[in-house]
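Results of the structural survey
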Amino acid sequence: MVYKALTIAGSDSGGGAGIQADLKTFQELGVFGMSAITAVTAQNTLGVQGVFPLSAEAVAAQIESVAADLGADAVKTGMLFSADIIRTVAEQVKKHGWERLVVDPVMIAKGGAPLLQEEAVAALKEELLPLALVITPNIPEAEALTGIVIRTMDDRREAARRLHRMGARYVVVKGGHDDDGEETVDLLYNGSEFSYFKSKRIDTRHTHGTGCTFAAAIAAELAKGRHPVDAVATAKAFVQSAIAHPLGIGQGHGPTNHWAYRQYGE
Ligand SMILES: Nc1ncnc2c1ncn2[C@@H]1O[C@H](COP(=O)(O)OP(=O)(O)O)[C@@H](O)[C@H]1O
Ligand SMILES: Cc1ncc(COP(=O)(O)O)c(N)n1
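Residues numbered from 1 in each chain as written. Chains lettered and ligands numbered in written order. Predicted model: local features only at pLDDT ≥ 70, side-chain atom pairs only at ≥ 80, totals over all residues. Heavy atoms only, no water.

On to the packing of aromatic side chains, then. Enumeration according to the criterion identifies two aromatic pairs in this entry. Considering the side-chain rings of Tyr189 and Phe194, the 4.4 Å spacing of their centres and the 20° angle between planes classify their relative orientation as stacked. Ring plane angle 50° and centroid distance 5.3 Å describe the contact between Phe238 and Tyr261, whose orientation is recorded as tilted. Here Phe238 is found in helix H8 (residues 228-244), whereas its partner Tyr261 is found in helix H9 (residues 260-264), with 23 residues between them in sequence. For Phe238, a relative accessible area of 1% corresponds to the buried category. (Phe/Tyr/Trp six-rings, centres within 6.5 Å; stacked < 30°, edge-to-face > 60°. Helix = DSSP H or I, 4+ residues; strand = E, 2+ residues; numbered from the N terminus. Buried < 20%, exposed > 50% of the residue type's maximum accessible area, 1.4 Å probe, protein only.)

Below you can see the structure in the form of structure tokens.
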């Protein structure tokens, strides 16, 4: 049985985030990766030097080509850039009946470059979020989507409840941006209870693409038919290993090591 996952996201020329991180992660987890590119970024470990969006028509055509021939066992979205592209992606997801959908609501690159237009946040909330099986905001994204200022774990739980009410069935509020403490804690809410995925916080600047890698690993595990909670557990272990064994390339915020989980395990 060959499991297939489709990523709908932006291209990162530096290879650490976006489509490139997603395809590497799918491959490492034994899933055949396919892609629909929403925007091409000129990017490296130092930052984003340019953003060149594709038309919504070009995005739809790529998705149609995949759906018409190969099909997808799970779908992941990343950088979507505009409201137009978001609406198109939502239409396509509904049209093809894709239920195992991971929405990583990418908004801003770690260096501060916007990857989603401000006016597109409403479309993300209204059109795409209700279709998500799993949504994986980091803390600033959870704040932008809910309007809650997140300082404490209670704030995070409240944000998760709101995102669930907006229609996402499993909400993961990631803890990479919470700099306090020895641990990073990703909080998962399924509509009735919370669970916590904890790992040792690694002191490193090589975290470019961690969010993409984490969400792609969830999609890969969902493609194999795994339960969302088990998929999140594997994704946390995968990204932890990828951060713990950095490659040390590039002059800025380097990429994670996508083959670390296979080579070294957790
Ligand atoms: N320094 C770190 N040490 C260990 N895990 C981390 C670290 N930074 C991020 N992570 C993990 O990487 C994943 C992505 O987190 P985060 O940085 O919050 O997302 P994003 O890349 O979208 O900003 C989460 O599972 C988080 O717990
Ligand atoms: C094309 C593209 N997509 C997404 C990100 C976010 O990366 P991160 O996973 O570090 O939040 C990025 N920098 N570039």
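With 14 residues, helix H7 (residues 210-223) ought to run about 20 Å at 1.5 Å a step, and its terminal C-alpha atoms sit 20 Å apart, in line with that. The buried count for H7 comes to 14 of 14 residues, which makes it a mostly enclosed element. Where H7 terminates, the next one or two residues include Gly225, which has phi positive at roughly 90°. (Expected span 1.5 Å × (residues − 1).)

Moving on: the environment of Ala42. Checked against the element boundaries, Ala42 lands in strand E2 (residues 32-44). In sequence terms Ala42 and Ser13 are 29 residues apart; their C-alpha atoms lie 5.7 Å from each other. If we ignore the near neighbours within four places in the chain, the residues touching Ala42 are Ser13, Gly47, Val48, Gln49, Gly50 and Phe52. (Contact = heavy atoms within 4.5 Å.)

What follows is about the nonpolar core. Counting 43 residues, the largest nonpolar core has Leu6, Ile8, Val89, Leu124 and Leu128 as the members making the most contacts within it. Per-element accounting of this core gives the leading share, six residues, to helix H3 (residues 83-95). Sequence-distant contacts of Ile8, that is, excluding residues within four places in its chain, are made with Ala36, Thr38, Val59, Ile63, Val75, Lys76, Thr77, Gly78, Met79, Leu80 and Val89. Residues Ala5, Tyr170, Ala215 and Ala219 belong to the second largest nonpolar core, which totals 27 residues. (Core = buried A, V, L, I, M, F, W, Y, C linked by side-chain atoms within 4.5 Å.)

Ordered in space as E3-E2-E1-E4-E5-E6-E7-E8-E9, the nine strands form an open sheet in which the pairing is mixed. Of all strands in the sheet, those with a lone pairing partner are strand E3 (47-53) and strand E9 (194-200), marking the two edges. With six bridges connecting them, E2 and E3 associate as antiparallel partners. Paired with Ala39 across the strands is Pro53, a residue of E3. Strand contacts of helix H1 (residues 18-28): strand E1 (4-12), E2 and strand E4 (74-77), with the helix running at about 150° to E1, the strand carrying the most contacts. (Pairing = 2+ DSSP bridges. Axes fitted to C-alpha atoms, helices over the stretch in contact; angles between N-to-C directions.)

Across all of its chains, the model carries 11 salt bridges by this definition. The partner of Asp84 in a salt bridge is Arg87, and the shortest N-O contact between them spans 3.7 Å. Here the residue Asp84 and the residue Arg87 both occupy positions in helix H3, the gap between them amounting to three residues, near one helical turn. Residue class for Arg87 comes out partly exposed when judged on its relative accessible area of 36%. (Salt bridge = Lys/Arg side-chain N within 4 Å of Asp/Glu carboxyl O.)

Further remarks concern the confidence of the model for the protein chain. Residue-level pLDDT values for the protein chain average 96, and 100% of them are 70 or greater. This prediction of the complex comes with two scores: 0.98 for pTM and 0.98 for ipTM. (pLDDT = per-residue confidence, 0-100.)

With that out of the way, let us pick up helix H6 (residues 153-165). Helix length check: H6 (13 residues) gives 18 Å between terminal C-alpha atoms against 18 Å at 1.5 Å per residue, within 8%. Buried within H6 are the following residues: Arg156, Arg157, Ala159, Ala160 and Leu163. End-on, the buried residues of H6 take up no more than an arc of 160°, which puts them together on one face. Turned more than 90 degrees from where H6 packs its buried face, Asp154 and Arg165 sit exposed. Of the surrounding elements, those touching the buried residues of H6 are helix H5 (139-146), strand E7 (170-173), strand E8 (183-189) and E9. The backbone nitrogen of Asp154 lies 3.3 Å from a side-chain oxygen of the residue at the head of H6, namely Thr152. (Arc of directions from axis to C-beta. Polar contact = N/O pair within 3.5 Å; in protein donor to acceptor, adjacent residues only side chain to side chain.)

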